Amino acid sequence: MDPYAYIREQIIASVGALADAGIVPSNMDFANLAVEAPRDPSHGDVATNAALVLTKQAGMKPRDIAAPLAERLAGLEHVTAADIAGPGFINLRLSDDFWRARLGDVLAAGPGYGDSTQANGAKINVEYVSANPTGPLHVGHVRGAVYGDVLANLLSKVGYDVCKEYYINDAGSQVDELARSVHLRYREALGEDIGAMPEGLYPGDYLIPVGQAIAARDGDDWLNRAETEWLAEFRSFSVDAMMDLVRADLASLGIEQDVFFSEEGLHNEGGITSGVDSLAGKGLIYTGVLEPPKGKTPEDWEPRPQTLFKASEFGDDVDRPLKKSDGAWTYFAADVAYHHDKLQRGYLQMVDVLGADHGGYVKRLKAVVKALSDDQGSLDVRLCQMVRLLRGGEVVVMSKRAGNFVTLRELVEEVGRDVVRFMMLTRKNDAPLDFDFDAAREQSKDNPVFYVQYAHARICSVLRRVADELPELAVEPENLAGADLARLTDSAEIDLIKQMAAWPRAVEAAAQAREPHRIAFYLNELASSFHALWNKGNAEPNLRFIMAADQPTTQARLALIKGVAFVLASGLAIIGVEPAETM
RNA sequence: GCGCCCGUAGCUCAGUUGGAUAGAGCACCGGAUUUCUAAUCCGGAUGUCGCAGGUUCGAGUCCUGCCGGGCGCGCCA
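Residues numbered from 1 in each chain as written. Chains lettered and ligands numbered in written order. Predicted model: local features only at pLDDT ≥ 70, side-chain atom pairs only at ≥ 80, totals over all residues. Heavy atoms only, no water.

## A closer look at the pattern of salt bridges
Then comes step 1: Tallied over the full model, the rule gives 37 salt bridges.
Then comes step 2: In this structure, the salt-bridge partner of glutamate 414 is arginine 441, at a minimum N-O distance of 2.3 Å. In this pair, glutamate 414 sits in helix H13 (residues 408-415) while arginine 441 sits in helix H15 (residues 437-441), placing the two residues 27 residues apart along the sequence.
Then comes step 3: A residue is classified by how much of its surface remains accessible, and glutamate 414, at 30% relative accessible area, is partly exposed.
Then comes step 4: Residue arginine 441 is classed as partly exposed on the basis of its relative accessible area of 42%.
Then comes step 5: One salt bridge connects glutamate 515 with arginine 518, and the closest N-O pair in it is separated by 2.9 Å. (Salt bridge = Lys/Arg side-chain N within 4 Å of Asp/Glu carboxyl O. Helix = DSSP H or I, 4+ residues; strand = E, 2+ residues; numbered from the N terminus. Buried < 20%, exposed > 50% of the residue type's maximum accessible area, 1.4 Å probe, protein only.)

## Examining the sheet that holds strand E8 (residues 285-289)
Then comes step 1: In space, the three strands of this open sheet follow the order E8-E9-E10, with antiparallel pairing throughout. The two strands at the open ends of the sheet, each matched to only one other strand, are E8 and strand E10 (320-321).
Then comes step 2: Pairing geometry for strand E9 (residues 305-309) and E10, over two bridges, is antiparallel. Note that in E10 the partner of phenylalanine 309 across the bridge is arginine 320. (Pairing = 2+ DSSP bridges.)

## Details of the side chain of asparagine 447
Then comes step 1: Position of asparagine 447 among the secondary structure elements: in the loop between H15 and helix H16 (448-469).
Then comes step 2: Polar side-chain contacts of asparagine 447 include one of 3.1 Å to the backbone nitrogen of valine 449.
Then comes step 3: When sequence neighbours within four positions are dropped, the list of residues in contact with asparagine 447 reads Val419, Ala439, Ala440 and Glu442. (Polar contact = N/O pair within 3.5 Å; in protein donor to acceptor, adjacent residues only side chain to side chain. Contact = heavy atoms within 4.5 Å.)

## Re the packing of helix H19 (residues 503-513) against helix H20 (residues 517-539)
Then comes step 1: Contact geometry of H19 with H20 gives a least axis separation of 8 Å together with a crossing angle of 155°. Viewed along their axes, H19 and H20 adopt a mutual orientation that is roughly antiparallel. Mapping the contact onto sequence places Trp503, Ala506, Val507, Ala509, Ala510 and Ala513 in H19 and Arg518, Ile519 and Tyr522 in H20.
Then comes step 2: Its residues assigned to classes, the contact of H19 with H20 shows eight nonpolar, no polar and one charged. (Axes fitted to C-alpha atoms, helices over the stretch in contact; angles between N-to-C directions. Parallel < 35°, antiparallel > 145°, perpendicular 65-115°, else oblique. Nonpolar A, V, L, I, M, F, W, Y, C, P; charged D, E, K, R; others polar.)

## Section: the domain arrangement of chain A
Then comes step 1: Each assigned domain of chain A is listed with its residue range as follows: domain 1 (3-94) and domain 2 (445-575).
Then comes step 2: Taking only C-alpha atoms into account, the centre of domain 1 sits 32 Å from that of domain 2.
Then comes step 3: With five residues of domain 1 in contact, the opposing surface of domain 2 contributes four residues.
Then comes step 4: Interface of domain 1 and domain 2: buried area, both sides summed, is about 360 Å²; carbon and sulfur atoms make up 49% of it.
Then comes step 5: If you sort the residues of domain 1 by the area they bury against domain 2, Pro3, Tyr4 and Asp45 come out on top, with a joint share of 79%.
Then comes step 6: One salt bridge in this structure joins lysine 498 and aspartate 45, with 2.7 Å as the shortest N-O distance.
Then comes step 7: At the junction of domain 1 and domain 2, the tally comes to two residue pairs in polar contact (both at pLDDT 80 or more).
Then comes step 8: Contributing elements (two or more residues each) for the side of domain 1 that touches domain 2: helix H1 (3-20) and strand E1 (35-36). (Domains from an automatic or database assignment. Buried area = accessible area lost by both parts, 1.4 Å probe.)

## Observations concerning the sheet that holds strand E5 (residues 123-127)
Hydrogen bonding along the main chain pairs the strands of a sheet, whether they run parallel or antiparallel.
Then comes step 1: Here five strands make up an open sheet; going across it, the order is E7-E6-E5-E11-E12 and the pairing parallel. For this open sheet the edge positions go to strand E7 (259-262) and strand E12 (378-384), each flanked by a neighbour on one side alone. Each strand axis lies, on average, 25° off the axis of its neighbour in the sheet, ignoring direction.
Then comes step 2: Bridge count between E5 and strand E6 (residues 161-168): five bridges; the pairing is parallel. Residue pairing across strands places isoleucine 124 opposite valine 162, the latter belonging to E6.
Then comes step 3: With respect to the sheet, helix H11 (residues 331-344) is in contact with E5, E6, E7, strand E11 (349-355) and E12, its orientation differing from that of E6 by roughly 155°.

Here it is as structure tokens:
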């Protein structure tokens, strides 16, 4: 049971009773009624703004609503106090038994604690990474990859039917350049000295084995032929090879996406036409001339009639071209088709995770989805800011020209998958993030992953010790659920339960806000509370978890920390990090 | 010139979608270790929430205008 939802129902019922008694008007709107934990715990367990929210509708002063309502709430089961504070807040205290029962909820749910049916199985598509298939992933891709993956986990947790998707940009000129680069590597594999890779092509060593693979398969079949003859074959072979590389990179981070959607497929199978036709059918396409861009006007700008989408009718700044001067579709046209395809597949809700440098693209994408779906679909574009790498207090400088990008693989190999995943969530997505190699390798609380893992490992350690020292004490979750929780009397123990009881709501709020970093922050706080309680046992031996002389209390405390372990595991599962059992 | 994002303690950042006296970590000082893993914990203080208005019972949060920083701005992808 979510205590806040429960209290909210009780408040609404109580207001109804007051209405029946003629004290307040009936049929009031409770949309803005909030029930939450007060920031200051001394104010109580839950606070509500009910009287403040209803004051306008009721035409009464806040205190005149709060007084009878508080009196009524004070009479409810589990409520031990109801005080009016400030301008008209009602602060409630709930009995320790009520909270102990919440620990029972945790133990019954296990690592599934916090699962929600909030989304009710609604379909949602989360697109992330979508890096050009021209090379291995580097640190610039990592943040979006982790963010998207954890968001997908989080949305599943609250009941969405999630599709994790990757859009392969395999139709543009960059894959032609990839193919040309590989052709050079192919010639090299056949013994030719190709010298330095020409400007504009991809110099990376990772293409050497691709050239060799074609040489091994086809020999010199492609050697003395025109580019038009080999380009398509080299392109498709190279893209396949690069996507294998990308998938392996993602796998090293524990990421496995469901759909890899090819842009070129849209071009080949008339997908673009079908997407654009859909807009045309709504009368949203016309031929017109665009103004030159503001600011720096390109030298070769010339006004020209173009096929345009009326994006400005859907919140974009200007209408957007769908065809280039040579008659080919623009990249944007492919994006129209791509989102059209997602809608056709039944995804009314979509999330695109993009780098911050795509900020200028957001409005037109949202306009497309709005237009194509007659405002039924929604697209949420989440931008991830840059990651700066720090080593020894210095910024690690990377440049495209020098080709010294730190790859995703190097990052994972140096600090480990769990650390990378967790560290990427230590900031909200739209704030820049510093990734400090020194902190990432640290085995202390400077390293948030370690800190949370350590809490989990400590709990496992206690349970192992009990199995060893008190073998007659059953420590399986089903046994612990039957423990006499009334033995938990210390305020620190009850506070820990309260913190756990906030988990389901934290999960739902994080999912709704599309902010997976909140999970990481929650886990850090829960771990902190656990470590504090642990140390309290050092100072006061009668607060230790294992009390050999008092087995019922020991069992109750084991139930408490097993609950913490479940919540930690539940959260780490969303982040995609293994809960460590030993360290 | 325009659009989007950001601006909170000395530093790095949270801030429960509008709630009460704005919070953590780092750094700095002091304390706890015959341990259920001290890889941890406890105590100590700092704020013009960039500036100025507005909306209302109530603003770090919403609106407007400035200031400062980042990203982007024709058919590239």
